[in-house]
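# Architecture at a glance
Spelled out, the chains give:
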Amino acid sequence: MKKQVKNNVYWVGKVDWDLRTFHGYEYTTHRGSTYNSYLIQEEKTVLIDTVWLPFADEFVENLAGEIDLKQIDYIIANHGEVDHSGALPALMKHIPDTPIYCTANAVKSLKGQYHQDWNFQVVKTGDKLDLGNGKELIFVEMAMLHWPDSMAAYLTQDNILFSNDAFGQHLATDKLFNDLVDQCALFQESIKYYANILTPFNPMLRRKLDEVLSLNLPIDMIATSHGVIWRDNPIQIVNKYAEWAADYQENQITVVYDTMWNGTKLLAERIAEGIRAADPEVVVKIYNLSISDVNDVITEVFKSKSVVVGSPTINNGILHAVAGFVDMMKGLKFKNKKAAAFGCYGWSGESVKLINELLEKAGFALINEGFRNPWNPDEEQQAKAFEFGKSIANA
Ligand code: FEO
């Protein structure tokens, strides 16, 4: 059943309570998600985005229960990714000639995925679509937020920004609006989404936020494509994005490691104690990467001013959980963060050198040469690890 968003704007999406991973298995979604699709019923009837492919038939069936599909005058595809475009093939079978408004890059992404020559109408920033009753949709290209094809659409008079992925969260809820959900969960899922998906695009995001704010469009609601619609103080999430896009950090140091026989784990704990001793104010968190949710740990790194990375040496290399995690950090292009390495070894002992190289390639400023420990740390070595922690806090 459709749910009213405001006046003649309705939500016709899908709440996916079962979703536990997204982007394949790359992003954990502990709280499920929603795929938000919107129906505008003015003189013209407009559908904004659809839902993920597995829910395509259900979506089309539900939509056909609300309106005669042939009444849809325009489809807006704000983004080509399959979680929003997945029901297009099923829908277009019913209304093959209906125009699809999207960016030039979305024509490429939609054709690339569905191999269909639908009636694409390419739009650019500032282009408008008249919906009758004095209302218009104004399009704003959002290239690289987070795909080249991304765009937003703004509905005049109702003052709703359909922002697609931007400002969204993976949060399954039957409540449509931000003021009706648990605020801690909402904030946690919003920052996790930003940290894991949008961080690489910080510079573009800063420019786009300035551009959108300079348009001085009144914004009563931000209707995202995942999670809630921001209606209570919608600018709060815009302000958060401005903070997060400015190479965000809190007074936090995060220690991440993996361990084989607990030597490197012991170092992690002593290093954390040293950090706490040198700076009682700093928040210190420790994660064993092999048993932690990497997306949650990435969120902690996002909040950190420094990250300390540990692995023992194995086969002249490092443990795969650590290698994979540093590669994730590299892809996310974190800026303005410091780092240091540590690890135990029995004979060849390359791990710290290798981690240093990976951290530098990932854009972190190395605090020092790192801390290497032969075999299991004895009391003297543990004391040195403690001092090493202090040096990181003081860096
Ligand atoms: Fe929610 Fe980029 O798709």
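Residues numbered from 1 in each chain as written. Predicted model: local features only at pLDDT ≥ 70, side-chain atom pairs only at ≥ 80, totals over all residues. Heavy atoms only, no water.

## Structural notes on the overall build of the protein chain
Under the convention used in this document: Secondary structure elements follow DSSP: runs of H or I no shorter than four residues count as helices, runs of E no shorter than two count as strands, and numbering proceeds from the N terminus. Buried residues are those whose accessible area, probed at 1.4 Å on protein chains only, stays under 20% of the maximum for their type, while exposed residues exceed 50% and partly exposed ones sit between those limits. Whether two residues are in contact is decided by their heavy atoms, any of which lying within 4.5 Å being enough.
Regarding its fold elements, the protein chain presents twelve helices and 25 strands. With respect to the principal axes defined by its C-alpha atoms, the protein chain has extents near 80 × 40 × 35 Å. Evaluated residue by residue, the protein chain yields a buried proportion of 57% over its 395 residues. Long-range contacts, defined as pairs at least 24 residues apart, comprise 71% of the intrachain contacts of the protein chain with a sequence gap of at least 6.

## Describing the layout of surface pockets
Empty pockets left among the atoms are what a rolling probe the size of a water molecule brings to light. Note the threshold: Cavity means a closed set of points on a 1 Å grid over the protein atoms alone, one where a 1.4 Å probe fits but cannot get out, pocket means an open set with protein on both sides within 12 Å along at least 5 of 7 lines, and lining means a residue has an atom within 4 Å of a point. Grid points are joined across faces, edges and corners, and a volume is the space filled by probe spheres set on the points. Classification convention: Asp, Glu, Lys, Arg as charged; Ala, Val, Leu, Ile, Met, Phe, Trp, Tyr, Cys, Pro as nonpolar; all other residues, Gly among them, as polar.
Here the largest pocket is characterised by a volume of approximately 370 Å³. In terms of lining, the largest pocket is formed by 19 residues, of which the most central are M260, P312, T313, Y345 and G346. At the level of elements, α8 (263-278), β21 (313-314) and β23 (338-345) are the ones that each hand at least two residues to the lining of the largest pocket. Of the residues in the lining of the largest pocket, the class split is eight nonpolar, eleven polar and no charged.

## Topic: the domain arrangement of the protein chain
Quite often, the size of an interface is put as the accessible area lost when its parts meet. Our working definition: These domain boundaries are the output of an automatic or database domain assignment. Between Lys or Arg on one side and Asp or Glu on the other, a salt bridge is scored when a side-chain nitrogen of the former is within 4 Å of a carboxyl oxygen of the latter. In the analysis that follows, any N or O atom pair within 3.5 Å is treated as a polar contact, provided that within protein one partner can donate a hydrogen and the other can accept it, and provided that, for residues neighboring in sequence, both atoms belong to side chains.
In terms of domain boundaries, the protein chain breaks down into domain 1 (3-244) and domain 2 (252-394). Placing the centre of domain 1 and that of domain 2 at their C-alpha centroids yields a distance of 39 Å. Of the residues lining the interface, 13 residues belong to domain 1; the matching set on domain 2 comes to twelve residues. Put simply, domain 1 and domain 2 have one salt bridge between them. Its salt-bridge partner being K192, residue D296 comes within 3.2 Å of it at the nearest N-O pair. The interface formed by domain 1 and domain 2 includes eight residue pairs in polar contact (both at pLDDT 80 or more). Counting residues per element, the side of domain 1 that touches domain 2 draws most heavily on helix α5 (residues 183-198), at six residues. Class assignment of the residues belonging to the side of domain 1 that touches domain 2 gives a composition of six nonpolar, five polar and two charged.

## Considerations on the packing of aromatic side chains
The following threshold applies: In this scheme Phe, Tyr and Trp rings, the latter by its six-membered ring, pair at centre separations within 6.5 Å, and the angle between planes marks the pair as stacked below 30 degrees, edge-to-face above 60, and tilted otherwise.
Going through the model one piece at a time under the given rule, you end up with 19 aromatic pairs. Their ring planes at 5° and their centres at 6.4 Å tell us that Y101 and F139 sit as a pair that is stacked. Here Y101, found in strand β10 (residues 100-102), pairs with F139, found in strand β13 (residues 135-141); they are 38 residues apart in sequence, far enough to count as distant. Given a relative accessible area of 13%, Y101 falls into the buried group.

## Some thoughts on the nonpolar core
Condition: In plain words, nonpolar cores are sets of buried Ala, Val, Leu, Ile, Met, Phe, Trp, Tyr and Cys residues tied together by side-chain atoms within 4.5 Å.
Judged by nonpolar contacts, the single largest core of 91 residues is most densely connected at L63, F167, Y241, V309 and M329. Beyond its immediate chain neighbours, meaning those up to four positions away, Y241 contacts A166, F167, G168, Y193, Y194, L198, L205 and L209. Counting 27 residues, the second largest nonpolar core, distinct from the first, contains V15, I48, L129 and M221.

## Some words on the side chain of T264
Mapped onto the elements of the fold, T264 is located in helix α8. The contacts of T264, once residues within four sequence positions are left out, are Y257, D258, T259, G310, S311, P312, F342, G343 and C344.

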